[in-house]
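Each chain is listed here by its residues.
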Amino acid sequence: MKVAVLISGRGSNLQALIDAAEAPYWTPEIVLVLSNVADAQGLERAEKAGIPTAVINHKDFQDRETFDAAMTDAIEASGAELVCLAGFMRLLSTPFIKHWKNRLINIHPSRLPAFKGLDVHQRVLDAGEKITGCTVHFVRPEMDTGPIIIQASVPVHDGDDADTLAARVLEQEHRIYPQAVRMIAEGRVTVGGDQALIDGKILYPNE
Ligand code: GRF
């Protein structure tokens, strides 16, 4: 299955997807890494791995819809069948999300539906949570919603700050994102009633 990865920065989740190709029976192929930021570190990771890259700067477009349409054109030209958001820091327009419905996934650093949005780890600490985690989900127009494909739980330790907690969560992001992509590539993930099913079973009910 051909995959496009959309990034804006560091690209450590992209790296996890690149590295996953070393595993036996890994079938997805990253055919495009697309960034809206010209100096995103993730672009270097892609180039090092010999993956085609493109930069589409949102500032070159008059509105979100036109920018998103340019991205759709580039993704379609690459032949990608699945689009992975990996630290892509632009809100996407509803037409884009509808166009890629059930072919567009995101990784979020909390156990959704808890702690949607930005600045997640500090908010988790401020709320006194003992457990947090991360989620891979299909994207729907409302931010950080959509059928949940896989989640991981991560303990919050006494003395954690946002950085130490983020690092612990990130380790699990790097584990579950490739796992989700692999399951989709293997045809094990379906969506029914806006609920993701793995091998026909609901593993993570969307509350
Ligand atoms: C990750 O924490 C991811 O959950 C969030 O943005 C961050 C991206 O990090 N959506 P990276 O660019 O993959 O290193």
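Everything discussed here concerns the structure shown above.
Since the model is a prediction, treat every value here as computed from it, not as a measurement.

**Student:** For this particular structure, what's the right way to read the packing of helix α1 (residues 12–20) against helix α2 (residues 41–48)?
**Tutor:** The description of two helices packed together rests on the angle between their axes and the distance between the axes. Running from N to C, α1 and α2 point in directions that differ by 15 degrees, and their axes come no closer than 9 Å. Considering the angle they form, α1 stands roughly parallel to α2. Crossing of α1 over α2 shows right-handed handedness. Touching Ser12, Leu14, Gln15 and Ile18 of α1 are Gly42, Arg45 and Ala46, all from α2. Tallied by class, the residues present in the contact of α1 with α2 amount to three nonpolar, three polar and one charged.

**Student:** Is there a simple way to explain the pattern of salt bridges in this structure?
**Tutor:** Opposite charge on two side chains allows them to pair when their charged atoms are near. Evaluated as defined, the whole model comprises five salt bridges. Here Arg182 makes a salt bridge to Glu186, at a shortest N to O gap of 3.0 Å. Note on Glu186: relative accessible area 37%, which makes it partly exposed. What emerges from the salt-bridge pattern is a single network uniting Arg182, Glu186, Arg188 and Asp199.

**Student:** Help me out: how do you make sense of helix α3 (residues 64–78) in this one?
**Tutor:** Side chains three or four residues apart in an α-helix point the same way, a direct result of the helix having 3.6 residues per turn. Over its 15 residues, α3 runs 21 Å from end to end, which matches the ideal 21 Å to within 8%, given 1.5 Å per residue. Elements that come into contact with the buried residues of α3 comprise β1 (2–7), β2 (29–35), β4 (82–85) and α4 (94–99). Of the residues one or two after α3, Gly79 is the one with positive phi, at around 85 degrees.

**Student:** Whenever I open this one, the sheet that holds strand β6 (residues 131–138) confuses me. Can you help?
**Tutor:** Where strands meet in a sheet, backbone hydrogen bonds hold them as pairs that are either parallel or antiparallel. An order of β3-β2-β1-β4-β5-β6-β7 is seen for the seven strands of this open sheet, with the pairing classed as mixed. Pairing within the sheet leaves two strands with one partner each, and these edge strands are β3 (53–55) and β7 (148–155). The average angle at which neighbouring strand axes cross in this sheet is 20 degrees, direction not considered. Note that β4 and strand β5 (residues 104–108) share three bridges and pair parallel. Note on β5: the bridge partner recorded for Val83 is Leu104. α2 rests against β1, β2 and β3 of the sheet, and its axis sits at about 155 degrees to β3. Contacts between α3 and the sheet are confined to β1, β2 and β4, with β2 contributing the most and set at about 160 degrees to the helix.

**Student:** Explain helix α6 (residues 162–185) here, please?
**Tutor:** Here α6 is 24 residues long and its end C-alpha atoms lie 33 Å apart, about the 34 Å a rise of 1.5 Å per residue gives. You can read the cap of α6 off the contacts: a side-chain oxygen lies 3.0 Å from the backbone nitrogen of Asp163, and it is on Asp161. Positive backbone phi, at 75 degrees, marks Gly187, one or two positions downstream of α6.

**Student:** Can you walk me through the packing of α1 against α6 in this structure?
**Tutor:** For the pair α1 and α6, the least separation of the axes is 9 Å and the interaxial angle reads 50 degrees. With respect to α6, the axis of α1 lies oblique. In the packing of α1 onto α6, the handedness of the crossing is right-handed. Residue-level contacts link Ser12, Asn13, Ala16, Leu17 and Ala20 of α1 to Leu170, Glu173, His174, Tyr177, Pro178 and Val181 of α6. Per-class residue counts for the contact of α1 with α6 are seven nonpolar, three polar and one charged.

Definitions and limits used
- Residues numbered from 1 in each chain as written.
- Predicted model: local features only at pLDDT ≥ 70, side-chain atom pairs only at ≥ 80, totals over all residues.
- Heavy atoms only, no water.
- Axes fitted to C-alpha atoms, helices over the stretch in contact; angles between N-to-C directions.
- Helix = DSSP H or I, 4+ residues; strand = E, 2+ residues; numbered from the N terminus.
- Parallel < 35°, antiparallel > 145°, perpendicular 65-115°, else oblique.
- Left-handed = near helix turned anticlockwise from the far one by under 90°.
- Contact = heavy atoms within 4.5 Å.
- Nonpolar A, V, L, I, M, F, W, Y, C, P; charged D, E, K, R; others polar.
- Salt bridge = Lys/Arg side-chain N within 4 Å of Asp/Glu carboxyl O.
- Buried < 20%, exposed > 50% of the residue type's maximum accessible area, 1.4 Å probe, protein only.
- Expected span 1.5 Å × (residues − 1).
- Pairing = 2+ DSSP bridges.
- Polar contact = N/O pair within 3.5 Å; in protein donor to acceptor, adjacent residues only side chain to side chain.

Take it as geometry only, folks, not as evidence of what the structure does.
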